[in-house]
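Tertiary structure, described
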Amino acid sequence: MTGRERLIVAALVALVLLTVGLVGWLVLGPAPPPPQPAEIATENDAAPATPRPSVPAPVPVRRAPPPAAAAVQATELAGSVHDRNGKPVPAHLALAGPQMPRGRTLVAAADGAFRVLDLAPGVYMLRATASGFRPATPIDIEVRAGEVARIEVLLDRLSGVLGKVVGPDGEPVPLATVRIVWPNAEQRVPTNSDGRFEFDAPDIDWSQVTVEAATPAHDPVPPERARPGEEVVLRLGPGGYLEGFVRDTAGAPLAEATVALESISVDGPEALGSRHLPAIQAGPPDGRFRLGPLRPGRYDLRAESAGLAPGFARGNSVGRGGTTGGIVITLSGGATLRGRISARDGGVPVVGANVTVFEPGSALAPKLVRSDAEGRYEVVGVGSGRRSMRVTHADYLAEIAAGIAVPASGDVVRDVVLERARPGERMAFHGIGATLKGGPRGIEVQGLVEGSPAQASGLRAGDIIAGVDGQPTAQLSVSQVVELIRGEAGVAVTIDVERAGQGRFPLRIERGRVVIKQ
């Protein structure tokens, strides 16, 4: 082969190689860039590395931390309680406001400070009270979101007497009667639900003030000296009990009888509500009752049962913390009160009239019946003595038929005539038309009905009723004296009157029909 031929063959071979390389480059693409150590690793460092397509490694995503919550200030109320001299007061606080339907109570610390957190924004009312201080006027406080509302409460010290009444067990006694006495005057105040009381009177000479307490159920405490601004604790003693049985005249037990106090005689100040103690029911099967605790003293008991006259047990003594037993109250059949209710216009029967018979001094409900289709009524088991009967009907003026003499047994007839009510009239009765009240001097005339027989006879307000038809009134109640004075129209009653400057003298008054205005 000539040199020219060898030259041509070499050129052809180079051309073929060039063509093959170009085709490979077009198919495979350009060579990859140099690998990065973090992305490609060799399987065996001793073996020749086989290039692999480069795959970008996932880049770690670093999320920015959420922005820090903005520092939110607590929505709260903070403050302190002091007296006018700057001394802290551990007062009781009551807070009411938004989203607090029942309010919130708290006590200020010994240094007078208080703090309430997590309050809803709005207007709150704050009350502050403390023993020995006058209650502060309620304060309105606006609490704003993200803010601290601050308040200072000032309390004024009491210059009067304050204290607490407790029972034998040391527990507070609510509604006890506290009697505060100073020269020529006195004041009675009740204790609150915590057994506390306060009384402030700047003009009193406190060097001569004493306090004492009483309830219907405790032995009272002796008077104690009171000092202004200092708390006094009055500890009551235990009361006593009355036990017994209710029976009929044959000795059979009456398990459905009701027992109540008729009268009370105690030493010292009388407690509010003493004469309105609740009645109790005698229990089966033997009619036993237990009444108490009662303040030491002497008690008259009354028992009643349907269809029977009331029975009594008088002069029962109650001792401190003791029980008086063996009391027997006997109920008899009594009398029957009957009659007819009619209208003055035409004399027609009044149907459905309410007829009630009053028992003087009774704490129990009066006996009640209604007139039938013929206007007739009948009340059984009426106790002996003078009685009043009240008759009412929606279409007529209420009428009290008084002075009914009831025997121990048998029948008593009393007819009642009703009149149509005129405007301004409330009720009518037969008597003298005087209003009476009990007092330290006896049964006193409190007032007179205009145009009444009492006014026409010369009776005056302030007169003392010392006797009625020869019967002294010193040991009688107001209701018993009223029954003696009332009676049928046209029948006179003689009253022994005691009048200042004139002494004692009799006054004869003819009973009449008295109309009470509205």
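Residues numbered from 1 in each chain as written. Predicted model: local features only at pLDDT ≥ 70, side-chain atom pairs only at ≥ 80, totals over all residues. Heavy atoms only, no water.

Details of the overall build of the protein chain
Here is the rule: By the criteria applied, helices consist of DSSP H or I runs no shorter than four residues and strands consist of E runs no shorter than two, each listed in order from the N terminus. Contacts between residues were defined by any pair of non-hydrogen atoms, one from each residue, lying within 4.5 Å. The Shrake-Rupley method, run with a 1.4 Å probe sphere, supplies the accessible areas, and residue values consider only the shown protein chains as cover.
Each helix and strand counted, the protein chain has three helices and 39 strands in total. The contacts in the protein chain between residues at least 6 apart in sequence include a share of 60% that link residues at least 24 apart. Total accessible area on the protein chain stands at roughly 29400 Å², and carbon and sulfur atoms take up 54% of it.

Digging into the environment of Pro506
Positionally, Pro506 belongs in strand β38 (residues 503–510). When the C-alpha positions of Pro506 and Ile465 are compared, they lie 9.9 Å apart, and in sequence the two are 41 residues distant. Residue contacts for Pro506: discarding those within four places in its chain leaves Thr494, Ile495 and Asp496.

Structural notes on the side chain of Arg302
Rules: In the analysis that follows, any N or O atom pair within 3.5 Å is treated as a polar contact, provided that within protein one partner can donate a hydrogen and the other can accept it, and provided that, for residues neighboring in sequence, both atoms belong to side chains.
Relative to the assigned elements, Arg302 resides in strand β21 (residues 297–304). A distance of 3.0 Å separates the side chain of Arg302 from the side chain of Glu262, its partner in a polar contact.

A few points about the nonpolar core
Formally: By nonpolar core is meant a set of buried Ala, Val, Leu, Ile, Met, Phe, Trp, Tyr and Cys residues that side-chain atoms within 4.5 Å join together. When accessible area is computed with a 1.4 Å probe and restricted to protein chains, residues below 20% of their type maximum are described as buried, those above 50% as exposed, and intermediate ones as partly exposed.
Counting residues in hydrophobic clusters, the biggest one holds 24 residues, and the most contacted among them are Leu77, Val81, Leu93, Leu95, Leu119 and Leu155. Secondary-structure elements contributing two or more residues to this core are β1 (76–83), β2 (92–97), β3 (100–107), β4 (113–116), β5 (122–129), β6 (139–143) and β7 (148–155). Counting residues in hydrophobic clusters, the runner-up holds 21 residues, among them Ile204, Val211, Ala213 and Leu234.

Quick notes on the sheet that holds strand β26 (residues 367–370)
The pairing of strands in a sheet comes from backbone hydrogen bonds and takes either a parallel or an antiparallel form. Our working rule: Strand pairing requires that DSSP identify at least two bridges connecting the strands. Here the axes come from fitting lines to C-alpha atoms, over the contacting stretch only for helices, and the angles between their N-to-C directions go from 0 to 180 degrees.
Sheet architecture is open: six strands sit in the order β26-β25-β28-β29-β32-β39, paired in mixed fashion. Among the strands making up the open sheet, the edge pair consists of β26 and β39 (512–517). Averaged over all adjacent pairs, the angle separating strand axes in this sheet is 25°, with direction ignored. Across five bridges, the pairing between strand β25 (residues 354–358) and strand β28 (residues 385–392) is antiparallel. Along β28, the bridge assignment pairs Phe358 with Ser388.

Quick look at the sheet that holds strand β15 (residues 231–235)
The three strands are arranged β11-β8-β15 in an open sheet whose pairing can be described as mixed. Both edges of this open sheet fall to β11 (196–199) and β15, since each of them pairs with a single strand only. Strand after strand, the sheet turns through a mean of 25° between neighbouring axes, direction not considered. Both strand β8 (residues 161–166) and β11 contribute to a ladder of four bridges, which runs antiparallel. Bridge pairing links Leu162 to Glu198 in β11.

Thoughts on unusual backbone geometry
Glycine aside, residues mostly have negative phi, and peptide bonds are mostly found in the trans state. A cis amide bond, omega 0°, links Pro284 with the succeeding residue Pro285. At Gln99, a residue that is not glycine, the phi angle is positive and equals roughly 55°. Positionally, Gln99 belongs in the loop between β2 and β3. Residue Asp469 is not a glycine yet carries a positive backbone phi of 50°. Looking at the secondary structure, you find Asp469 in the loop between β35 (464–468) and β36 (471–472).

Quick look at the packing of aromatic side chains
Short version of the rule: Stacked, tilted and edge-to-face are the three classes applied to pairs of Phe, Tyr and Trp rings, where Trp contributes its six-membered ring and a pair requires centres within 6.5 Å; stacked means planes under 30 degrees apart, edge-to-face means over 60, and tilted covers the rest. Note on criteria: charge over ring means Lys NZ or Arg CZ within 6 Å of the ring centre, with the direction from the centre no more than 35 degrees off the ring normal.
Throughout the structure, instances matching the rule amount to one aromatic pair. Of note, Arg247 hangs over the ring of Phe245, and the distance from its end group to the ring centre comes to 5.0 Å. Lying across the ring of Phe312, Arg314 places its NZ or CZ 4.3 Å from the centre.

Re the pattern of salt bridges
The line we're drawing: Basic side-chain nitrogens of Lys or Arg form a salt bridge, by our definition, when they fall within 4 Å of a carboxyl oxygen of Asp or Glu.
Applying the stated rule across the entire model yields 25 salt bridges. Measuring nitrogen to oxygen at the nearest pair gives 3.4 Å for the salt bridge that ties Asp286 to Arg288. Since its relative accessible area comes to 42%, Arg288 is described here as partly exposed. Measuring nitrogen to oxygen at the nearest pair gives 3.7 Å for the salt bridge that ties Arg376 to Glu374.

Some thoughts on the side chain of Arg414
Mapped onto the elements of the fold, Arg414 is located in the loop between β30 (410–413) and β31 (416–418). Residue class for Arg414 comes out buried when judged on its relative accessible area of 14%. Residues in contact with Arg414, not counting those within four places in the same chain, are Leu337, Arg338, Gly339, Arg340, Tyr377, Met389, Ala401, Ala402, Gly403, Ile404 and Glu488.

Considerations on the confidence of the model for the protein chain
Detailed reading of the predicted model is not advised wherever pLDDT is low. This is how it is decided: Every residue gets a pLDDT, meaning the predictor's confidence in that residue, from 0 to 100.
Here the protein chain averages 83 in pLDDT, while 84% of its residues score no lower than 70. Every residue in residues 13–73 scores below 50 in pLDDT, and together they form eight contacts with partners more than four places removed in sequence or on other chains.

Re the environment of Leu234
With respect to the helices and strands, Leu234 occurs in strand β15. On the basis of relative accessible area, Leu234 is assigned to the buried category, the value being 0%. Leu234 sits 39 residues away from Gly195 along the chain, and the two C-alpha atoms are 9.9 Å apart. Once residues within four sequence positions are removed from consideration, Leu234 is found in contact with Lys164, Val165, Val166, Phe197, Val211, Glu212, Ala213, Val221 and Glu224.

Things to note about the environment of Ala214
Among the structural elements, Ala214 can be located in strand β12 (residues 210–214). With relative accessibility at 0%, the residue Ala214 sits in the buried group. Residues Ala214 and Arg179, 35 residues apart in the sequence, show an inter-C-alpha distance of 8.2 Å. The contact partners of Ala214, leaving out residues within four places of it in the chain, are Ala176, Thr177, Pro220, Leu236, Pro269, Ala271 and Arg295.

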